[in-house]
Amino acid sequence: MDARDVLHEAASRPATEAKALVNTLPEGALNAHAGGHTNSIAWLLWHAGRQMDAQLAQLNGEPQVWHSQVFDARFNLGELGDTVGYGHTAEQARAVVVEDAALLVEYLGAATAALSEYIAGLSEADLDDVIDTSWTPHVTRGVRLVSMIDDAAQHVGQAAYAAGILAGGAASSDKEG
């Protein structure tokens, strides 16, 4: 197995986990704010796809899946949807409301598919190309890909944790009644 195979395998994990997660969400949990946190499960899953999609477009020079597959219209988030979530104020994060869990999973899956296709077209040597000199050490293509995948995995994991908190709260409420 070479590094591209590992990247491809890792890239598939966030979408797979997100699909499993949304199938187990308690009713009303998608846009709830566990523990009062500004990032809902919907925001976390949306951001997992958006950051991957936007960064991939910078790498491959292709339009973002967000636009090319008309997710921007389907999510109907207006200008907020064209952001990726980095630097969102609490108000902006709370304004990302998505009622369709399947749409979130579909978008993350489409961004993941585009990333996997990009990875498949790379050579081992391409992974060593320096693509960003604004960091010390400079960022290679391979490191950026790992960062994108890691960010998506972390946010899907956070969504799963939030779902657990919300499910526990519902279970506690049920016991009191």
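Scroll up to find the structure this text is about.
Residues numbered from 1 in each chain as written. Predicted model: local features only at pLDDT ≥ 70, side-chain atom pairs only at ≥ 80, totals over all residues. Heavy atoms only, no water.

S.K.: Looking at this structure, I do not really get the environment of P14. What am I missing?
M.R.: Assignment of secondary structure puts P14 in helix α1 (residues 3–22). When the C-alpha atoms of P14 and D150 are compared, they prove to be 8.9 Å apart, with 136 residues separating the residues in sequence. Look past the residues within four positions of P14 in its chain and what remains in contact with it is L108, I149, A152, A153 and V156. (Helix = DSSP H or I, 4+ residues; strand = E, 2+ residues; numbered from the N terminus. Contact = heavy atoms within 4.5 Å.)

S.K.: Explain helix α6 (residues 101–120) to me, please; I cannot follow it from the model alone.
M.R.: Residues that lie three or four places apart on an α-helix share one face, since the helix turns once every 3.6 residues. If you check α6, its first and last C-alpha atoms are 28 Å apart, about what 20 residues at 1.5 Å a residue would give, namely 28 Å. Capping the start of α6, D100 holds a side-chain oxygen 3.1 Å from the backbone nitrogen of A102, two or three residues further along. (Expected span 1.5 Å × (residues − 1). Polar contact = N/O pair within 3.5 Å; in protein donor to acceptor, adjacent residues only side chain to side chain.)

S.K.: Just checking my understanding: could you explain unusual backbone geometry for this structure?
M.R.: Comment: phi is negative for the bulk of residues other than glycine, and the bulk of peptide bonds are trans. The omega angle of the peptide bond from T136 to P137 is 0°, so this bond is cis rather than trans. Inspection of the secondary structure assignment puts P137 in the loop between β1 (130–132) and β2 (139–140). A positive phi is found at V70, a non-glycine position, where the angle reads about 60°. If you trace the backbone, V70 turns up in the loop between α3 (65–68) and α4 (71–75). According to the relative accessible area criterion, V70 is partly exposed, its value standing at 44%. For N76, which is not glycine, the phi dihedral falls at a positive 55°. By the element assignment, N76 lies in the loop between α4 and α5 (90–95). Given a relative accessible area of 64%, N76 falls into the exposed group. (Buried < 20%, exposed > 50% of the residue type's maximum accessible area, 1.4 Å probe, protein only.)

S.K.: What is the right way to look at helix α2 (residues 41–60) in this model?
M.R.: A rise of 1.5 Å per residue sets the reference length of α2, with its 20 residues, at 28 Å; its end C-alpha atoms lie 29 Å apart and thus fit the reference within 8%. Of all 20 residues in α2, 18 are buried, a share of seventy percent or more. Among the residues of α2, the N-terminal cap falls to S40, whose side-chain oxygen and the backbone nitrogen of A42 are separated by 3.3 Å. Positive backbone phi, at 70°, marks G61, one or two positions downstream of α2.

S.K.: Looking at this model, I keep getting lost on the layout of surface pockets. Mind explaining?
M.R.: The gaps of empty space that remain are located by a probe, the size of a water molecule, rolled over the atoms. Empty space within the largest pocket amounts to approximately 200 Å³. Within the residue set of the lining of the largest pocket, elements represented by two or more residues are α2, α3 and α6. A per-element tally of the lining of the largest pocket places α6 first, with five residues. (1 Å grid on protein atoms, 1.4 Å probe; cavity = no way out; pocket = protein on both sides within 12 Å on 5 of 7 lines; lining within 4 Å. Points joined across faces, edges and corners; volume = space filled by probe spheres on them.)

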